[in-house]
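Listed below, chain by chain, are the residues.
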Amino acid sequence: MMMKILSVVLAVMVTLLVVIAPIPMVKAMSAKQCKEERAQLVNECRPVIYGQDPSNNCCQRVRVLHVECMCPYVTPKFAKLINLARTAKQIRSCGRNIPHNFKCGSQYT
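Bear in mind that the values here come from a model prediction, so they are computed numbers and not experimental data.

## Concerning the environment of asparagine 97
Then, number 1: Note that asparagine 97 resides in the loop between α5 (84-93) and β1 (103-104).
Then, number 2: Remark: the alpha-carbon pair of asparagine 97 and arginine 63, spanning 34 residues in sequence, is separated by 9.1 Å.

The structure is reproduced here in structure tokens:
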């Protein structure tokens, strides 16, 4: 049961990032930094799994997230599990722009 919950949490986390536009970076993120950033996103955005709108803290994480930390998790198998239209709406409601034809992992918006 715990593994299923963790899988759903990861799914929501990646869902939020599928259609997020990249933020220009000064330097590349380390693997450790990416892992910490993903963990923060999961913690702040967990209620989204249960159909709630993103909280202010969740939106803050979405706005500062580095897509290079998340896009590798967006596989065709994962993409079948998510609702891209709902995800895009939630991301936009957080104030993050999504460019036309943006590609993250295996998905385009």
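The discussion continues.
## Some remarks on the confidence of the model for the protein
Then, number 1: Confidence in the prediction of the protein, expressed as mean pLDDT, is 75, and 72% of residues score 70 or more.
Then, number 2: When mean pLDDT is compared element by element in the protein, helix α3 (residues 56-64) scores highest at 94, while helix α1 (residues 2-18) scores lowest at 50.

## Some words on the state of the cysteines
Then, number 1: Enumeration according to the criterion identifies three disulfides in this entry.
Then, number 2: Linked covalently through their sulfurs, cysteine 45 and cysteine 58 form a disulfide whose S-S length is 2.0 Å. The chirality of the disulfide connecting cysteine 45 with cysteine 58 is right-handed, given an S-S dihedral of about 105 degrees. Of the two residues, cysteine 45 sits in helix α2 (residues 31-45) while cysteine 58 sits in helix α3, which places them 13 residues apart along the sequence.
Then, number 3: Disulfide partner of cysteine 59: cysteine 94, at an S-S distance of 2.0 Å. On the S-S bond that ties cysteine 59 to cysteine 94, the torsion sits near -65 degrees, and the link is left-handed. Taken as a pair, cysteine 59 in helix α3 and cysteine 94 in the loop between α5 and β1 lie far apart in primary sequence, 35 residues in all. The pair cysteine 59 / cysteine 94 is uniform in exposure class, with both members buried.

## Overview of the packing of α2 against α3
Then, number 1: Relative orientation of the contacting elements α2 and α3 amounts to 150 degrees, with a least axis distance of 8 Å. In terms of axis orientation, α2 runs roughly antiparallel to α3. The handedness of the crossing between α2 and α3 comes out as left-handed. In this structure, α2 contributes Glu37, Gln40, Leu41, Glu44 and Cys45 to the contact, and α3 contributes Asn57, Cys58, Arg61, Val62 and Val64.
Then, number 2: Here the contact of α2 with α3 is built from residues that sort into five nonpolar, two polar and three charged.

So, how was this worked out
- Residues numbered from 1 in each chain as written.
- Predicted model: local features only at pLDDT ≥ 70, side-chain atom pairs only at ≥ 80, totals over all residues.
- Heavy atoms only, no water.
- Helix = DSSP H or I, 4+ residues; strand = E, 2+ residues; numbered from the N terminus.
- pLDDT = per-residue confidence, 0-100.
- Disulfide = S-S within 2.5 Å.
- Buried < 20%, exposed > 50% of the residue type's maximum accessible area, 1.4 Å probe, protein only.
- Axes fitted to C-alpha atoms, helices over the stretch in contact; angles between N-to-C directions.
- Parallel < 35°, antiparallel > 145°, perpendicular 65-115°, else oblique.
- Left-handed = near helix turned anticlockwise from the far one by under 90°.
- Contact = heavy atoms within 4.5 Å.
- Nonpolar A, V, L, I, M, F, W, Y, C, P; charged D, E, K, R; others polar.

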